[in-house]
Structure formats: C-alpha cells, structure tokens
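These are the residues of each chain, in order.
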Amino acid sequence: MSGARGRFIAFEGGEGAGKSTQARLLADALRARGIAVVITREPGGTPGAEAIRALLLDPPGEGWPAEAEALLFAAARADHVAHLIRPALARGAWVICDRFVDSSRAYQGSAGGLGDEAITTLHAFGSAGLRPDRVILLEGDEAALAGRLAARGERADAIEGRPAEYHRAVAAAFRALAKADPQGFAVIDAIGAPDAVHQRILLAIGDLLA
Ligand code: T5A
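What you see is a predicted model, and the numbers here were worked out from it, not measured in a lab. (Residues numbered from 1 in each chain as written. Predicted model: local features only at pLDDT ≥ 70, side-chain atom pairs only at ≥ 80, totals over all residues. Heavy atoms only, no water.)

(A) View of the overall build of the chain. Check the secondary structure of the chain and you find nine helices and five strands. Its C-alpha radius of gyration of 16 Å places the chain within 12% of the 17 Å reference for a compact globule of 210 residues. Expressed as lengths along the three principal axes of its C-alpha atoms, the size of the chain is roughly 50 × 35 × 30 Å. Classification of the 210 residues of the chain by burial places 45% in the buried group. Long-range contacts, defined as pairs at least 24 residues apart, comprise 79% of the intrachain contacts of the chain with a sequence gap of at least 6. Charged side chains of the chain number 23 positive and 26 negative; the gap between the two group centres comes to 5 Å. (Helix = DSSP H or I, 4+ residues; strand = E, 2+ residues; numbered from the N terminus. Rg over C-alpha atoms; globule rule 2.2 N^0.38 Å. Buried < 20%, exposed > 50% of the residue type's maximum accessible area, 1.4 Å probe, protein only. Contact = heavy atoms within 4.5 Å. Lys, Arg positive; Asp, Glu negative; His and termini not counted. Charge placed at Lys NZ, Arg CZ, Asp CG, Glu CD.)

(B) Quick look at the packing of helix α1 (residues 19–32) against helix α8 (residues 194–204). In contact at an axis separation of 10 Å, α1 and α8 are set at 60 degrees when each is read in the N-to-C sense. When the interaxial angle is binned, α1 and α8 end up oblique. The chirality of how α1 crosses α8 is right-handed. Residue-level inspection shows Thr21, Gln22, Leu25, Leu26 and Ala29 of α1 in contact with α8, the latter providing Pro194, Val197, His198, Ile201 and Leu202. Residues belonging to the contact of α1 with α8 are distributed by class as follows: seven nonpolar, three polar and no charged. (Axes fitted to C-alpha atoms, helices over the stretch in contact; angles between N-to-C directions. Parallel < 35°, antiparallel > 145°, perpendicular 65-115°, else oblique. Left-handed = near helix turned anticlockwise from the far one by under 90°. Nonpolar A, V, L, I, M, F, W, Y, C, P; charged D, E, K, R; others polar.)

(C) Spotlight on the packing of helix α4 (residues 101–111) against helix α5 (residues 116–127). Interhelical geometry of α4 versus α5 gives an angle of 145 degrees and a closest axis separation of 9 Å. You can see that α4 and α5 cross each other, and the crossing is right-handed. Across the interface between the two elements, Val101, Ser104, Arg105, Gln108 and Gly109 from α4 touch Asp116, Ile119, Thr120 and His123 from α5. Classifying every residue of the contact of α4 with α5 gives two nonpolar, five polar and two charged.

(D) The packing of aromatic side chains, seen in detail. Per the stated rule, a full pass over the model turns up three aromatic pairs. Ring geometry for Phe8 against Phe100: centres 4.9 Å apart, planes inclined by 80 degrees, an arrangement best described as edge-to-face. Pair noted here: Phe8 is in strand β1 (residues 8–13) and Phe100 is in the loop between β3 (94–98) and α4, with a separation of 92 residues, a long-range link. The interplanar angle of 75 degrees and the centroid separation of 6.3 Å between the aromatic rings of Tyr107 and Phe174 together place this pair among those described as edge-to-face. With Tyr107 in helix α4 and Phe174 in helix α7 (residues 164–180), this pair connects stretches of sequence that are 67 residues apart. One aromatic cluster is present, built from ring pairs that chain together Tyr107, Tyr166 and Phe174. In this structure, Arg77 is placed above the aromatic ring of Phe100, and the distance from its NZ or CZ to the ring centre is 5.5 Å. The lysine or arginine in question, Arg162, covers the ring of Tyr166, its NZ or CZ lying 5.1 Å from the ring centre. (Phe/Tyr/Trp six-rings, centres within 6.5 Å; stacked < 30°, edge-to-face > 60°. Lys NZ or Arg CZ within 6 Å of the ring centre and 35° of its normal.)

(E) Inspection of the sheet that holds strand β4 (residues 134–139) at higher detail. Taken together, five strands build an open sheet; the order of strands is β2-β3-β1-β4-β5 and the sheet is parallel. Each having just a single partner strand, β2 (37–41) and β5 (185–189) make up the two edges of the open sheet. For this sheet, the mean inter-axis angle between neighbouring strands, taken without regard to orientation, is 20 degrees. Running over the sheet, α4 touches β1, β4 and β5 and is turned about 25 degrees from β1. Running at roughly 160 degrees to β5, α8 makes contact with β1, β4 and β5 of the sheet. (Pairing = 2+ DSSP bridges.)

On their own, these measurements won't tell you what the molecule is for.
Dropping the structure here:
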C-alpha cells in the first residue's frame, strides 16, 4: 500500500436520481483500475447507523420532530464516519457514499427549515466536519425521476413520501449548495442511459484519478 489517504466521493440528489445505480457503476470502474473501494450509504453503512436508519425511515409513533430527525441523521453519520469512512480512507481505500451531510443540509436544513448553521454545527460536533473530496450531484427533471420511482413500485418511506413542495425545496437547496462550492461539487445530468450518466461522472472525477 502507498500509504496515501483514499478519496471520498459522495453521491447526492433527490429521490430516484440514480445515486445507488451510479455509485455501483463507479465502484466497479475504480476496482477495474485496481483501486480498493468501499461502497456505502446514508443513513446507514454500519450496524449502529443502519439501526438508526430504520428509526428514521419508518418512525415509531407519530414521527420525529424536525430537530430530533436532524440529530438522528447526525448520530448515524458520526457512527458511520468513525467506524467505516475514516478507517477506510486511512488505509488508502476510496469511499463511495450514497448520500452524506449535504443531504442533511438540503432536507433537514433547507426544506425542513432548521437552517444550514444548525446542520453544519451538528456535523462539526459529530463527525469533525468531514467533507467529501467531490460531491456528485445528480440532477434531472422532476417528472422523469418520479417516473423511475413509480416504475420501481416500492412503498415510499417517511421522507420520500413528503409533499412535492418539500422535494422541490430539496432540489433547490442542492442546486444552491453546488453553486456556492463549484470546486467541491460536480453537477451531473441524471437523464439518459445509466452508462451515459456514468461516463459523465468519470469525466467529472478525472482530476482525482490522475
Ligand atoms: N435523507 C438522507 C435525509 O433526509 N437526510 C440525510 O441526511 C440523509 C442521508 C434515504 C432517505 O433519507 C433522506 C433522503 C431519502 O428520502 P433511501 O432509500 O436511501 O432513503 O433513498 P434514496 O437515497 O433517494 O434512494 P433511491 O433508491 O430512492 O434513489 P437513487 O439511489 O437515487 O436511485 P436508484 O439508483 O435506486 O434508481 C432508482 C430507480 O431508477 C432506475 C433504477 O433501476 C431504480 O429502479 N434508474 C434508471 N432508470 C432509467 N435511467 C437511468 N439512468 C436510471 N438510473 C437508475
């Protein structure tokens, strides 16, 4: 092993944007180049964080107040960062994560009304403010992405099932985050065949592979 820290790539975007599909395709492409890859997701990725995922996506009782929801996402992330992400990066693996803190900023911070400062403060406390080396933001027309989810036919979870205005606010928040940090984010058109989208993503991380 070279001893170099691995790279950390996060996929972000709204429901059905193709994050999981593209995370898998990128992991395969990197492995084919001989790179060690850990593919993971949020909320989840470790036993503790997966237990919190179940509480978040299928809440017991009447559902979480906004503040509790943000705390649970931050707690799941703290466990994931400490037990999986940081150790993998330290041993030189690349980590590909299906959603990370920018989901909390867009969903809980912006659409949920808690504000960006609250979320970044929780992230600073829980995960020492860890940032991805590159965020791949998958963007596509609302109706096209909704069509993908309808075709998949699964029951919506507690967050996916929120009203269209909530998801529009999420999409606008992701766009604003990307605009404010053009070095950190690559905005990728999510419409097209999976392999065409994958090629766009490879181009967008070319500098990290060099
Ligand atoms: N959340 C999460 C927060 O509120 N705050 C946070 O901090 C975090 C981390 C997570 C929920 O939690 C919220 C956001 C979410 O609401 P989840 O089940 O992990 O829940 O939900 P998503 O991350 O949105 O996952 P999805 O599976 O819904 O969407 P993906 O991963 O973007 O899409 P994917 O790849 O599964 O594809 C969806 C469907 O489209 C097809 C796939 O085969 C699949 O059927 N597809 C394509 N079809 C045509 N063309 C393409 N290019 C396609 N790519 C994929």
